[in-house]
Amino acid sequence: EADIYQTPRYLVIGTGKKITLECSQTMGHDKMYWYQQDPGMELHLIHYSYGVNSTEKGDLSSESTVSRIRTEHFPLTLESARPSHTSQYLCASAPGGTGYNYGYTFGSGTRLTVV
Amino acid sequence: GDSVTQMEGPVTLSEEAFLTINCTYTATGYPSLFWYVQYPGEGLQLLLKATKADDKGSNKGFEATYRKETTSFHLEKGSVQVSDSAVYFCALGLRAQKLVFGQGTRLTINP
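These lines cover the structure that appears in this document, whether it is placed above or below. Since the structure is predicted, the reported quantities are computational estimates derived from the model, not experimental observations.

Here we look at the overall build of chain B
In terms of regular secondary structure, chain B is built from zero helices and 12 strands. Along its sequence from the N terminus, chain B presents helices and strands in the succession β-β-β-β-β-β-β-β-β-β-β-β. In summary, chain B has a C-alpha radius of gyration of 13 Å against a globular reference of 13 Å for 111 residues, a match within 12%. Its C-alpha atoms give chain B principal-axis dimensions of roughly 45 × 25 × 20 Å. Taking all 111 residues of chain B together, the buried fraction comes to 46%. In chain B, of all internal contacts separated by at least 6 residues, the share reaching a separation of at least 24 is 55%.

Some details on the nonpolar core
Ranked by internal contacts, the top residues of the largest apolar core, which has 27 residues, are B:Trp35, B:Leu47, B:Leu48, B:Phe73, B:Leu75 and B:Tyr88. Counting residues per element, the ones that place at least two in this core are strand 2 (11-14), strand 3 (19-21), strand 4 (23-26), strand 5 (32-38), strand 6 (44-50), strand 8 (62-65), strand 10 (86-93) and strand 12 (105-110) of chain B. At four residues, strand 10 of chain B tops the list of elements feeding residues into this core. What B:Leu48 contacts, discounting residues up to four positions off in sequence, is B:Leu33, B:Phe34, B:Trp35, B:Gly57, B:Ser58, B:Asn59, B:Phe62, B:Glu63, B:Ala64, B:Phe73 and B:Leu75. Core analysis: the second largest hydrophobic core is formed by 18 residues, A:Tyr33, A:Ala94, B:Tyr36 and B:Leu99 among them.

Focus: the packing of aromatic side chains
Enumeration over the complete set of coordinates arrives at 13 aromatic pairs over all chains. Here A:Tyr35 and B:Phe101 contribute two aromatic rings whose centre-to-centre distance is 5.7 Å and whose plane-to-plane angle is 90 degrees, an arrangement assigned as edge-to-face. Residue A:Tyr35 is found in strand 4 (residues 31-37), and its partner B:Phe101 is found in strand 11 (residues 99-101); the two belong to separate chains. Accessibility expressed as a relative area gives 4% for A:Tyr35, which makes it buried. The exposure class of B:Phe101 is buried, given its relative accessible area of 14%. Members of the aromatic cluster, joined through ring pairs, are A:Tyr33, A:Tyr35, A:Tyr104, A:Phe106, B:Phe34, B:Tyr36, B:Phe89 and B:Phe101. It is A:Lys31 that lies over the ring of A:Tyr50; its NZ or CZ is 4.3 Å from the centre.

A short note on unusual backbone geometry
Residue A:Pro8 is bonded to the preceding A:Thr7 through a cis peptide linkage, with omega at -10 degrees. Positionally, A:Pro8 belongs in the loop between strand 1 (4-7) and strand 2 (10-13). In this chain, B:Gly9 is followed by B:Pro10 through a cis amide linkage whose omega measures 0 degrees. Relative to the helices and strands, B:Pro10 resides in the loop between strand 1 (3-6) and strand 2.

Analysis parameters
Residues numbered from 1 in each chain as written. Chains lettered and ligands numbered in written order. Predicted model: local features only at pLDDT ≥ 70, side-chain atom pairs only at ≥ 80, totals over all residues. Heavy atoms only, no water. Helix = DSSP H or I, 4+ residues; strand = E, 2+ residues; numbered from the N terminus. Rg over C-alpha atoms; globule rule 2.2 N^0.38 Å. Buried < 20%, exposed > 50% of the residue type's maximum accessible area, 1.4 Å probe, protein only. Contact = heavy atoms within 4.5 Å. Core = buried A, V, L, I, M, F, W, Y, C linked by side-chain atoms within 4.5 Å. Phe/Tyr/Trp six-rings, centres within 6.5 Å; stacked < 30°, edge-to-face > 60°. Lys NZ or Arg CZ within 6 Å of the ring centre and 35° of its normal.

Right, here's the structure in full:
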């Protein structure tokens, strides 16, 4: 079944640690996105990719980085975690193309807590 | 610019009540419109969508009609259940697969 997977679901980690949040999709979608969701629920786009070797920063400045070496995989890395990085991180994907908008498919999210 | 404004929450209703969550948008061109739902501890799930004016999207008893004249896409359900408690996001779908989300409305249904 086509889907989008995020791991881990929950992560508690100490300040200064390097972490990678994984996101994979089996739908062959060209476009992938990372959102940070604050406790007030609002979604903030932090990174997106329109295909392999293409990555862009989103609307909200983030200290994280992303890579897109394979179509199906879009990991997010924090080199040195801080308590201010505590948040819910959501990954999403969408088909390519410039026409009709199909909407996004979201993963279940990773809830990160930095202590 | 392109934007979505949702009814501010939280919204609290009793079971079997009628639900309306308002959503209005500002956009150039001919956007698609979406409602997403987020249950506690989960990601967003597509609830329904409409791609052109006067289209009605529907799913799980929820409905929304794309009203170009009022630039609105209000979400309605005739009789809500406790299991409908969640956060609801209205979204504007632009070309090149860009989505613009509203700020979300938290809905709580009491038995």
